[in-house]
Amino acid sequence: MKILPAIDLKDGQCVRLQKGDYGTAHKVAEDAVQTARGFLAAGATLIHMVDLDGAKDGSHANYDVVRQVIEQTGAAVELGGGIRTMSDVQAVLALGVSRVIIGSAAVRDPELVRQAVAQYGDRIAVGIDARGGTVRTDGWLCDSGEDYLTFAKKMESFGVKTIIFTDIDKDGMLEGPNFEQLGALRRAVSCAIVASGGVTSLSDIQRLRDAGIDAAIAGKAVYTGALDLAQAIKEAE
């Protein structure tokens, strides 16, 4: 299992939210490039980045920061947030991003996922953000009403190799992941699953690893010091 440290960008700054609420955004680091360097030094091989402005309004305001991280650190980066068209997919790949995460658009326009996977294969991942078992869109603000397991199976049928699953109610709360929903997802699909939301301790990582989860995103716990990234990476392996 891999640990993917997270950098969430809003107005060009590294921030964290609680339960996806933009009103709770608070700065957690001074500089994205320096933060990425620290993650690489701890042993990270892939950094999870989210363009929060893009997720909310489709803007590309944080793309320059993403490009700087990749060019100045050499980091492998996956990016999600506001990727709604094939031209968006192409623009993100042009930044040097290793993997593109399609979220809300996968719900509204499933054919986009089919087309993107046909063209770019495993460089396309789908982000499933759920609350109460249904998929949320538009920066987690809208409830699609679609069951997360049904949606995951549909995405896998399109050839998606990686699903990034976030339980919104766990995100940024340092309360542990939603093991029940992740377990159900593991039983429902055979593609790689990345757990996001609530990963706080080495015991969380052990449980995810033992449950067959392929990777886990670590965000707030790393910034607060509750989770030592280097130790987490070793535990996951």
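If you're wondering where the values come from, they're calculated on a predicted model, not measured in any experiment.

J.: Help me understand the side chain of Asp204, please; the structure alone is not making it clear to me.
T.: Here Asp204 shows up in helix α9 (residues 202-210). No salt bridge is formed by the buried Asp204; its nearest oppositely charged neighbour, Arg207, is found at 5.9 Å. Each residue touching Asp204, except ones within four places of it in the same chain, is listed here: Gly176, Pro177, Phe179, Gly198 and Val199.

J.: Explain the packing of helix α4 (residues 86-94) against helix α6 (residues 110-120) here, please?
T.: Two packed helices can be described by the angle between their axes and the distance between those axes. As a packed pair, α4 and α6 sit with axes 10 Å apart at the nearest point and diverge in direction by 40 degrees. By the criterion of interaxial angle, the relationship of α4 to α6 is oblique. The chirality of how α4 crosses α6 is right-handed. Residue-level contacts link Met86, Val89, Gln90 and Leu93 of α4 to Leu112, Gln115, Ala116, Gln119 and Tyr120 of α6. Across the contact of α4 with α6, the residue classes tally to 6 nonpolar, 3 polar and no charged.

J.: Honestly, the nonpolar core in this entry has me stumped. Any pointers?
T.: For soluble globular proteins, the rule of thumb is that nonpolar side chains tend to be buried together. With 70 residues, the main nonpolar core has Ile3, Ile7, Met49, Ile102, Val113 and Ile128 as its most contacted residues. Ignoring any residue separated from it by four or fewer positions in sequence, one finds Met49 in contact with Ile7, Leu9, Val66, Val69, Val77, Glu78, Leu79 and Gly80. Counting residues in each nonpolar core, the second largest holds 9 residues, with Ala6, Leu46, Ile164 and Ala215 among its members.

J.: Sorry, what's going on with the environment of Asp228 here?
T.: You can see Asp228 is positioned in the loop between α10 (220-224) and α11 (229-236). For the pair Asp228 and Ala42, spaced 186 residues apart in the sequence, the C-alpha separation amounts to 8.9 Å. At 2.8 Å, the side chain of Asp228 forms a polar contact with the backbone nitrogen of Gln231.

J.: Quick question: what am I supposed to make of α9 here?
T.: Residues spaced three or four apart along an α-helix point in a common direction, a consequence of the helix completing one turn every 3.6 residues. The set of residues buried in α9 consists of Asp204, Ile205 and Leu208. In an axial view of α9, the angular spread of the buried residues amounts to 95 degrees, which keeps them on one side of the axis. Those residues of α9 that are buried lie in contact with β1 (2-10), α8 (179-188), β11 (192-196), β12 (215-218) and α11. One or two positions beyond α9, positive phi appears at Gly212, with a value near 85 degrees.

J.: Sorry, what's going on with empty space enclosed by the protein here?
T.: Over the atoms rolls a probe the size of a water molecule, and its path tells where empty space is left. Counting across every chain of the model gives 2 cavities of 30 Å³ or more. Counting residues per element, the lining of the largest cavity draws most heavily on helix α5 (residues 104-108), which supplies 4 residues. Tallied by class, residues from the lining of the largest cavity come to 20 nonpolar, 16 polar and 9 charged. For the second largest cavity, the calculated volume is near 30 Å³. Taken together, Phe165, Asp167, Pro177, Asn178, Leu182, Ala195, Ser196, Gly197 and Val199 make up the lining of the second largest cavity. If you list the elements that add at least two residues to the lining of the second largest cavity, you get β10 (162-167) and β11. Residue composition of the lining of the second largest cavity, grouped by class: 5 nonpolar, 3 polar and 1 charged.

J.: What exactly am I supposed to notice about the pairing of strand β5 (residues 77-80) here?
T.: Looking along a regular strand, one sees side chains alternate from face to face of the sheet. Taking every second residue as pointing to the same face, both faces of β5 are buried, with Val77 and Leu79 on one and Glu78 and Gly80 on the other. Looking at chain direction, strand β4 (residues 47-51) and β5 are connected through 4 bridges and run parallel. Directly across from His48, in β5, lies its bridge partner Glu78. Across 3 bridges, the pairing between β5 and strand β6 (residues 99-102) is parallel. In the strand pairing of β6, Leu79 is matched with Val100. For the crossover that starts at β5, traverses α4 and ends in the parallel β6, the hand is right-handed.

J.: It is not clear to me how unusual backbone geometry should be interpreted in this structure. Could you clarify?
T.: Peptide bonds are trans in most cases, and residues, glycine excluded, mostly fall at negative phi. Located in the positive-phi region is Asp11, a residue other than glycine, with phi close to 55 degrees. On the secondary structure map, Asp11 appears in the loop between β1 and β2 (13-18). Judged by its relative accessible area of 58%, Asp11 is exposed.

The rules behind each value
- Residues numbered from 1 in each chain as written.
- Predicted model: local features only at pLDDT ≥ 70, side-chain atom pairs only at ≥ 80, totals over all residues.
- Heavy atoms only, no water.
- Helix = DSSP H or I, 4+ residues; strand = E, 2+ residues; numbered from the N terminus.
- Buried < 20%, exposed > 50% of the residue type's maximum accessible area, 1.4 Å probe, protein only.
- Lys, Arg positive; Asp, Glu negative; His and termini not counted.
- Salt bridge = Lys/Arg side-chain N within 4 Å of Asp/Glu carboxyl O.
- Contact = heavy atoms within 4.5 Å.
- Axes fitted to C-alpha atoms, helices over the stretch in contact; angles between N-to-C directions.
- Parallel < 35°, antiparallel > 145°, perpendicular 65-115°, else oblique.
- Left-handed = near helix turned anticlockwise from the far one by under 90°.
- Nonpolar A, V, L, I, M, F, W, Y, C, P; charged D, E, K, R; others polar.
- Core = buried A, V, L, I, M, F, W, Y, C linked by side-chain atoms within 4.5 Å.
- Polar contact = N/O pair within 3.5 Å; in protein donor to acceptor, adjacent residues only side chain to side chain.
- Arc of directions from axis to C-beta.
- 1 Å grid on protein atoms, 1.4 Å probe; cavity = no way out; pocket = protein on both sides within 12 Å on 5 of 7 lines; lining within 4 Å.
- Points joined across faces, edges and corners; volume = space filled by probe spheres on them.
- Pairing = 2+ DSSP bridges.
- Right-handed = clockwise from strand over helix to strand, strands pointing away.

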